Amino acid sequence: MDSIQTHVEAVEGATAFLKERLASIPEIAIILGTGLDGVGEQIEVYQEIRNDDIPGFPKLTVQSHSGTLIVGKLGHVPVLALNGRAHLYEGYSAKEVTLPVRVLGALGVQTLIVSNACGGMNPAYRAGDIMLIEDHINLMGANPLEGPNHATWGPRFPDMSDPYASSLRHIAREVAQEEGIPLHEGVYVSVVGPNLETRAEYRMLSTMGADVVGMSTVPEVLVARHMDINVLGFSVITDECDPDNLASISIEDVLAAAEMAREPLARLMSRVVSRIHSS
Ligand code: HPA
């Protein structure tokens, strides 16, 4: 087991590295998930740093993730975007995949918008649809907060009564309505992956109360809430997971479906950050 001290030092090292290099540090950060780096193209980039060049940041091993940290403007609002993320299925621990979120917290980021690609189990959801994450279920069997608590970061037993801030969800719903963007709202369940689920697993997960399933996000949200960062989350449905009628899917299908959501998701995020910024 890595000691908490090693992890704290890695976070502090990456934080110091970025503080030295970033001309300014936005209050809002965005994590762009699988196939959603196109959303990042809407950002007017001031600075871009490759994850590989940031000490302690996990190296991304999946081609669909480019792995850069961007500082720029989305609409008129300064944002810091993490383009791509590390996953547990790549062999990283929950602490390792969430190191960038710790660094965001240490840099003073106050709001984190997470996004991901997911399988839609709710029968009303279609590939290319967007879901506002209302709540989550952690089925990864791992937790970035396990082990000794570093009290400077947050409490031993962080509250999870409203992990995806209802005030931010309210803004997202309002903006979606104004923009005419259909937006589901539901529960995300996280699994390790990397395999997609069996029919029996989709049945079980939806019986548990989840609307969508994916392989990321929850560890990041746990760390963000531990540090009292406000969180908003969007899932893009990339495959329809009806256990009685299950088609096989490939990563290309996932990326193509994510691409369908690029424009509306970018518009939604851009309007949401501007509303958060001015509130
Ligand atoms: N299951 C888990 N993760 C996913 C899926 C899925 O069906 N689709 C995209 N990410």
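Residues numbered from 1 in each chain as written. Predicted model: local features only at pLDDT ≥ 70, side-chain atom pairs only at ≥ 80, totals over all residues. Heavy atoms only, no water.

Turning our eyes to something else, we now look at the packing of helix α1 (residues 4-21) against helix α4 (residues 99-107). It is at 9 Å that the axes of α1 and α4 come closest, and there the two elements cross at 60°. Classified by the angle their axes make, α1 and α4 are oblique. Crossing hand, α1 versus α4: right-handed. Between α1, through H7, A10, V11, A14, T15, L18 and K19, and α4, the contact on the second element is made entirely by L99, R102, V103, A106 and L107. Residues of the contact of α1 with α4, tallied by class, amount to eight nonpolar, two polar and two charged. (Axes fitted to C-alpha atoms, helices over the stretch in contact; angles between N-to-C directions. Helix = DSSP H or I, 4+ residues; strand = E, 2+ residues; numbered from the N terminus. Parallel < 35°, antiparallel > 145°, perpendicular 65-115°, else oblique. Left-handed = near helix turned anticlockwise from the far one by under 90°. Contact = heavy atoms within 4.5 Å. Nonpolar A, V, L, I, M, F, W, Y, C, P; charged D, E, K, R; others polar.)

Helix length check: helix α9 (residues 262-278), at 17 residues, gives a terminal C-alpha distance of 24 Å against a target of 24 Å (1.5 Å per residue), a fit within 8%. Within α9, burial applies to P264, L265, A266, L268, M269, S270, V272, V273 and I276. (Expected span 1.5 Å × (residues − 1). Buried < 20%, exposed > 50% of the residue type's maximum accessible area, 1.4 Å probe, protein only.)

Moving on: unusual backbone geometry. With omega at 5°, the peptide bond leading from G193 into P194 counts as cis. Among the secondary structure elements, P194 is positioned in the loop between β7 (184-190) and α6 (199-207). Unusually for a residue other than glycine, T217 sits at a positive phi of about 70°. Residue position: T217 is located in the loop between β8 (212-214) and α7 (218-226). Of note in the backbone geometry, D228 takes a positive phi value of approximately 65° without being a glycine. Inspection of the secondary structure puts D228 in the loop between α7 and β9 (230-240). Judged by its relative accessible area of 57%, D228 is exposed.

For the ligand, the full set of nearby residues is A117, C118, G119, L196, E197, Y202, V213, G214, M215, T238, D239 and C241. Here a nitrogen atom of the ligand sits 2.6 Å away from a polar atom, N or O, in the side chain of E197. Side-chain polar atom of Y202 to an oxygen atom of the ligand: 2.7 Å apart, as the coordinates give it. Burial of the ligand by the protein amounts to 95% of the accessible area it has alone, namely 260 Å². The biggest single contributor to the shell around the ligand is strand β5 (residues 111-120), with three residues. Residue classes in the shell around the ligand are distributed as seven nonpolar, three polar and two charged. (Near = heavy atom within 4 Å. Polar contact = N/O pair within 3.5 Å; in protein donor to acceptor, adjacent residues only side chain to side chain. Areas by Shrake-Rupley, 256 points an atom, 1.4 Å probe, with all protein chains shown as cover.)

Summed over the entire model, instances satisfying the criterion amount to 18 salt bridges. Close ionic contact of R21 with E20 constitutes a salt bridge, the shortest N to O distance being 3.6 Å. Accessibility expressed as a relative area gives 39% for R21, which makes it partly exposed. The residue D53 makes a salt bridge to R50 at a minimum N-O spacing of 3.3 Å. Three or more residues joined by partner-sharing salt bridges are found here, namely E174, E178, E179, E263, R267, R271 and R275. (Salt bridge = Lys/Arg side-chain N within 4 Å of Asp/Glu carboxyl O.)

Our focus in this paragraph is helix α5 (residues 166-179). For α5, which comprises 14 residues, the first-to-last C-alpha distance of 20 Å matches the rise-based estimate of 20 Å (1.5 Å per residue) to within 8%. Looking at α5, one finds that the buried residues are L168, R169, I171, A172, V175 and A176. One side of α5 holds all its buried residues, which, seen down the axis, span an arc of 155°. Exposed and facing more than 90 degrees away from the buried side of α5 are S167 and Q177. The secondary structure elements touched by the buried residues of α5 are β5, β6 (130-138), β7, β9 and α9. Residue G180 follows α5 closely and has a positive phi angle near 70°. (Arc of directions from axis to C-beta.)

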